[in-house]
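# Chain and residue survey
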Amino acid sequence: MLLPCALLAALLAAGHAGVLFYVPRDSEVSAAGELSDPLCVRSWFVAARKQRASQFVSLILPGAARSLVQVELVLLPALVFDFIPANPCCSLPCQNRGVCMTTGFDRYECDCTRTGYYGENCTTPEFFTWLKLILKPTPNTVHYILTHFKGVWNIINNISFLRDTIMRYVLTSRSHLIDSPPTYNSDYSYKSWEAYSNLSYYTRSLPPVGHDCPTPMGVKGKKELPDSKLIVEKFLLRRKFIPDPQGTNVMFTFFAQHFTHQFFKTDHKKGPGFTKAYGHGVDLNHIYGETLERQLKLRLRKDGKLKYQMIDGEMYPPTVKDTQAEMIYPPHVPEHLQFSVGQEVFGLVPGLMMYATIWLREHNRVCDVLKQEHPEWDDEQLFQTTRLILIGETIKIVIEDYVQHLSGYHFKLKFDPELLFNQRFQYQNRIAAEFNTLYHWHPLLPDTFQIHNQEYTFQQFLYNNSIMLEHGLSHMVKSFSKQSAGRVAGGKNVPAAVQKVAKASIDQSRQMRYQSLNEYRKRFMLKPFKSFEELTGEKEMAAELEELYGDIDAMELYPGLLVEKPRPGAIFGETMVEIGAPFSLKGLMGNTICSPEYWKPSTFGGKVGFEIINTASLQKLICNNVKGCPFTAFHVLNPEPTEATINVSTSNTAMEDINPTLLLKEQSAEL
Ligand code: HEM
């Protein structure tokens with residue numbers, strides 16, 4: 001006698017059954033060889049996969065139950081899995097952003113609404129979609145045009161109508177690729193109020209692969225992904241420093257880390273899909289603290305200013321002792337070097353503390369300017385208005401200096417919120433987990449850090465705020481501006497000191513059940529790669545990757561981005577730019593201050609405040625706040641080998657000895 005389906009399901013649900021497989025009796029198999037009750041069988045396997053197949057290795061039904069029902073359950077080889085229809089959405093059948101919905105256990109429907117496509121799998125283009133497809137140049141062509149023909153661009157840049165039209169197109173075409181309001185998160189692969197309203201999650205631009213799918217990538221690839229440590233060692237780990245051919249420097253590197261760590265603040269206690277940055281964008285919580293409590297600790301409560309200390313006539317952040325705003329420092333860091341700023345982790349790297357100091361000075365400088373204009377304002381209004389001005393300055397610098405540099409465009413980007421006032425555009429943003437993952441640009445980091453006439457290894461550099469006091473900001477800015485950063489794409493350029501961070505990026509992506517690199521390419525309007533060779537642009541890594549992954553459609557997002565063939569002379573490959581730019585521009589322009597009711601002089605204390613935003617630049621930020629106004633940029637000017645002396649006492653420390661992840665985790669569960 002066979003165990004009735006319902007009973008089996010109940011036993012499974014109660015966690016009893018270690019039932020691996022069930023052998024149908026002849027009576028249950030039709031002449032056509034089909035099971036009479038396939039749904040039941042499938043539902044076990046759905047349940048079984050959910051509870052992890054490894055638990056189902058033996059029959060552990062309680063003896064009594066076994067004899068009672070006289071169930072015939074036999075261990076069979078795993079191939080039985082292959083007979084059972086998986087969740088039909090596992091094969092990701094719906095194309096062109098159509099939404100897959102199961103209808104029963106083995107059927108699905110694609111919702112092609114407003115995709116511009118129709119048909120069972122949303123594959124047939126409507127007329128206008130078809131026309132657009134024919135006329136639209138490929139991203140690589142657009143990139144080529146924007147990065148060549150300098151003379152033509154110089155003319156266009158000076159014709160404001162043309163510049164505005166192109167900039168508007170750049171902003172809308174990129175940000176339309178971002179769901180706004182947000183849709184999925186790492187726990188919800190369908191739309192839900194929970195996913196929309198719970199700000200503690202990062203959102204997702206593609207839903208996670210179902211737990212009931214046959215492979216980690218849905219149906220493609222092997223049942224298990226290759227060892228993440230092996231992936232790092234074979235394809236990501238730096239052999240010899242590869243400088244970025246675009247000339248990106250260390251000044252850019254630390255700006256990137258400083259700027260992004262206001263919205264990439266994973267709540268590791270909850271898991272990789274969760275964030276502690278509920279503002280989901282440029283709110284400058286890394287300067288002012290995430291909570292009101294922390295903000296109040298950091299504020300002077302006079303003239304709108306932040307607390308500070310003067311050392312040798314220059315302004316520096318206060319210490320933790322002064323503010324009581326906790327930071328993460330190892331116990332060996334002396335009290336007077338435990339600076340206290342908005343972001344708890346910024347004691348990690350002197351480059352971060354340098355930027356934290358510069359922005360602190362900028363805040364207090366702007367407070368003075370505003371007070372001149374508004375002697376009638378109280379501390380609160382001066383503080384709040386200054387914060388809005390600094391948000392504006394940040395966005396301006398990020399678009400016109402930072403993104404401008406990264407893009408390599410001869411077209412001059414412009415921060416002008418008015419460009420979007422007549423467009424369909426939502427002033428809101430939700431940070432996506434995938435954006436965080438792709439931003440793990442650790443290949444930017446050099447092997448050692450050169451400041452003035454000193455060279456520091458990672459071990460000497462990390463958690464060493466004395467560097468900032470010894471050299472002063474001026475030398476730091478000058479030196480970081482001169483030192484080259486590493487190329488991000490192309491593989492084999494993650495410094496050994498942070499290889500564990502690269503491994504963690506892969507492991508966490510798996511935990512969040514990311515879809516494949518090719519699914520992400522399709523999501524962002526790129527053609528999927530047809531082969532590993534097309535991905536890497538060479539043969540050696542391609543062959544090894546093929547052996548490990550089995551199928552290009554099973555290649556993972558993060559390692560894929562780092563091994564991708566860079567665009568000629570560029571820091572990134574196509575995928576990083578085409579996925580990263582939409583997230584970035586939507587996050588910047590979706591800021592509240594860019595909305596029509598906010599974007600006017602009165603929001604920023606009048607003309608003077610508005611002017612500070614509209615004339616902001618990296619160079620001006622440095623000039624206004626660093627003694628001697630050292631020249632700076634986000635790229636090296638004359639890449640020349642710096643003659644530096646390695647600090648002999650610790651110079652032979654092996655890089656592999658350093659484990660920043662552990663270092664940090666030991667201090668707290670932050671980062
Ligand atoms: C000396 C410099 C750096 C060190 C020691 C370092 C180390 C780390 C560590 C230990 C983590 C946590 C990894 C985990 O999830 O377990 C992390 C996360 C991260 N790093 Fe770095 N990193 C450095 C520079 C950079 C730079 C230049 C960037 C460029 C943007 C960057 C981007 C990120 C991002 C986006 C995260 C995720 C943050 C989060 O989710 O909270 N890092 N890094």
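Note that the coordinates shown come from a computational prediction; the quantities given were computed from them, not determined experimentally.

Time to look at the coordination of the iron atom of the ligand. Looking at the iron atom of the ligand, one finds just one donor atom contributed by the protein, His 442 (NE2), at 2.1 Å. Looking at the secondary structure, you find His 442 in the loop between α17 (433–438) and β9 (448–451).

A few words on helix α19 (residues 466–482). For α19, which comprises 17 residues, the first-to-last C-alpha distance of 21 Å sits more than 12% below the rise-based estimate of 24 Å (1.5 Å per residue). At Gly 472, α19 is bent by approximately 95°, the largest bend along its length. Among all positions of α19, only Ile 467, Met 468, His 471, Gly 472, Leu 473, Ser 474, Met 476, Val 477, Ser 479, Phe 480 and Ser 481 are buried.

It is worth spelling out the packing of helix α11 (residues 250–260) against helix α15 (residues 350–373) at this point. Direction vectors running N to C along α11 and α15 enclose 75°, while the axes themselves pass 9 Å from each other. Relative to α15, the element α11 lies roughly perpendicular. Where α11 abuts α15, its residues Met 251, Phe 254, Phe 255, Gln 257 and His 258 lie against Gly 351, Leu 352, Met 354, Tyr 355, Ala 356 and Trp 359. Residue composition of the contact of α11 with α15, grouped by class: 8 nonpolar, 3 polar and no charged.

The full count for this structure, using the stated rule, is 5 disulfides. What pairs with Cys 90 in a disulfide is Cys 213, and their sulfur atoms sit 1.9 Å apart. Between Cys 90 and Cys 213 the disulfide shows an S-S torsion of about -85°. By sign, it is left-handed. In this pair, Cys 90 is assigned in the loop between α4 (80–83) and β1 (99–102) and Cys 213 in the loop between β6 (203–204) and α10 (228–236), connecting sequence segments 123 residues apart.

With that out of the way, let us pick up the packing of aromatic side chains. Here a ring pair, both rings aromatic, is described through the centre-centre distance and the interplanar angle of the planes. The final tally for this structure, using the stated rule, is 40 aromatic pairs. Relative to Phe 572, the ring of Trp 441 has its centre 4.9 Å away and its plane inclined at 45°; by these criteria the two rings are tilted. Here the residue Trp 441 occupies a position in the loop between α17 and β9, and Phe 572 occupies one in the loop between α24 (557–563) and α25 (574–589), the gap between them amounting to 131 residues. In this structure, Trp 441 and Phe 572 share a single accessibility class: buried. Aromatic pair Phe 461 and Phe 480: ring centres 6.5 Å apart, planes at 80°, arrangement edge-to-face.

A few words now on the UniProt feature "binding site: substrate" (unreviewed entry) in the protein chain. Under the UniProt annotation, "binding site: substrate" (unreviewed entry) lies at Arg 174. Here Arg 174 falls in the buried class, since its relative accessible area comes to 13%. With residues up to four places along the chain from it excluded, the contact list for Arg 174 reads Tyr 169, Tyr 409, Val 577, Glu 578, Ala 581, Pro 582 and Leu 585.

Once that is clear, we can look at the side chain of His 286. Relative to the elements of secondary structure, His 286 occurs in helix α12 (residues 285–288). Residues in contact with His 286, not counting those within four places in the same chain, are His 258, Phe 259, Gln 262, Val 341, Gly 342, Gln 343 and Phe 346.

Another aspect to go through is the nonpolar core. In terms of nonpolar packing, the biggest core is built from 149 residues, with Leu 236, Tyr 355, Tyr 402 and Trp 441 touching the most fellow members. Per-element tally for this core: the top contributor is helix α16 (residues 379–407), with 12 residues. Setting aside residues no more than four positions away along its own chain, Leu 236 makes contact with Ile 231, Lys 492, Asn 493, Val 494, Ala 502, Ile 506, Tyr 558, Pro 559, Leu 562 and Val 563. By size, the runner-up hydrophobic cluster in this structure holds 5 residues, among which are Cys 94, Cys 110, Tyr 117 and Cys 122.

The next thing to look at is the environment of Arg 294. Along the chain, Arg 294 turns up in helix α13 (residues 292–298). For the pair formed by Arg 294 and Gln 324, sequence separation is 30 residues and the distance between their alpha carbons is 8.6 Å. Apart from the residues within four sequence positions on either side, Arg 294 is in contact with Tyr 288, Gly 289, Ala 325, Glu 326, Met 327, Val 341, Gly 342, Gln 343 and Glu 344.

Moving on to α10. Of the residues making up α10, those classed as buried are Ser 228, Ile 231, Val 232, Phe 235 and Leu 236. Relative to the axis of α10, the buried residues are bounded by an arc of 105° and lie together on one face. Tucked inside the fold, the buried residues of α10 contact α20 (499–511), α23 (540–549) and α24.

Positionally, Glu 314 belongs in strand β8 (residues 314–316). Here Arg 361 takes part through its side chain, which lies 3.3 Å from a polar atom of the side chain of Glu 314. What Glu 314 contacts, discounting residues up to four positions off in sequence, is Gln 309, Arg 361 and Lys 627.

Two side chains of opposite charge can pair, provided their charged atoms sit close to one another. Enumeration over the complete set of coordinates arrives at 30 salt bridges. Here Lys 234 ties to Glu 544 by a salt bridge, and the two come within 3.4 Å at their closest N and O atoms. Residue Lys 234 is found in helix α10, and its partner Glu 544 is found in helix α23; the two are separated by 310 residues along the sequence. Taking the relative accessible area as the measure of exposure, Glu 544 reaches 27% and is therefore partly exposed. Close ionic contact of Lys 539 with Glu 533 constitutes a salt bridge, the shortest N to O distance being 3.2 Å. A cluster of three or more residues bridged by salt bridges with shared partners is formed by Arg 97, Asp 179 and Arg 523.

About the criteria used
- Residues numbered from 1 in each chain as written.
- Predicted model: local features only at pLDDT ≥ 70, side-chain atom pairs only at ≥ 80, totals over all residues.
- Heavy atoms only, no water.
- Donors = N, O, S within 2.8 Å, 3.2 Å for Na, K, Ca; no water.
- Helix = DSSP H or I, 4+ residues; strand = E, 2+ residues; numbered from the N terminus.
- Expected span 1.5 Å × (residues − 1).
- Bend = angle between axes of the 7 residues up to and from the residue.
- Buried < 20%, exposed > 50% of the residue type's maximum accessible area, 1.4 Å probe, protein only.
- Axes fitted to C-alpha atoms, helices over the stretch in contact; angles between N-to-C directions.
- Parallel < 35°, antiparallel > 145°, perpendicular 65-115°, else oblique.
- Contact = heavy atoms within 4.5 Å.
- Nonpolar A, V, L, I, M, F, W, Y, C, P; charged D, E, K, R; others polar.
- Disulfide = S-S within 2.5 Å.
- Phe/Tyr/Trp six-rings, centres within 6.5 Å; stacked < 30°, edge-to-face > 60°.
- UniProt positions renumbered as here; feature names shortened; annotations may be inferred.
- Core = buried A, V, L, I, M, F, W, Y, C linked by side-chain atoms within 4.5 Å.
- Arc of directions from axis to C-beta.
- Polar contact = N/O pair within 3.5 Å; in protein donor to acceptor, adjacent residues only side chain to side chain.
- Salt bridge = Lys/Arg side-chain N within 4 Å of Asp/Glu carboxyl O.

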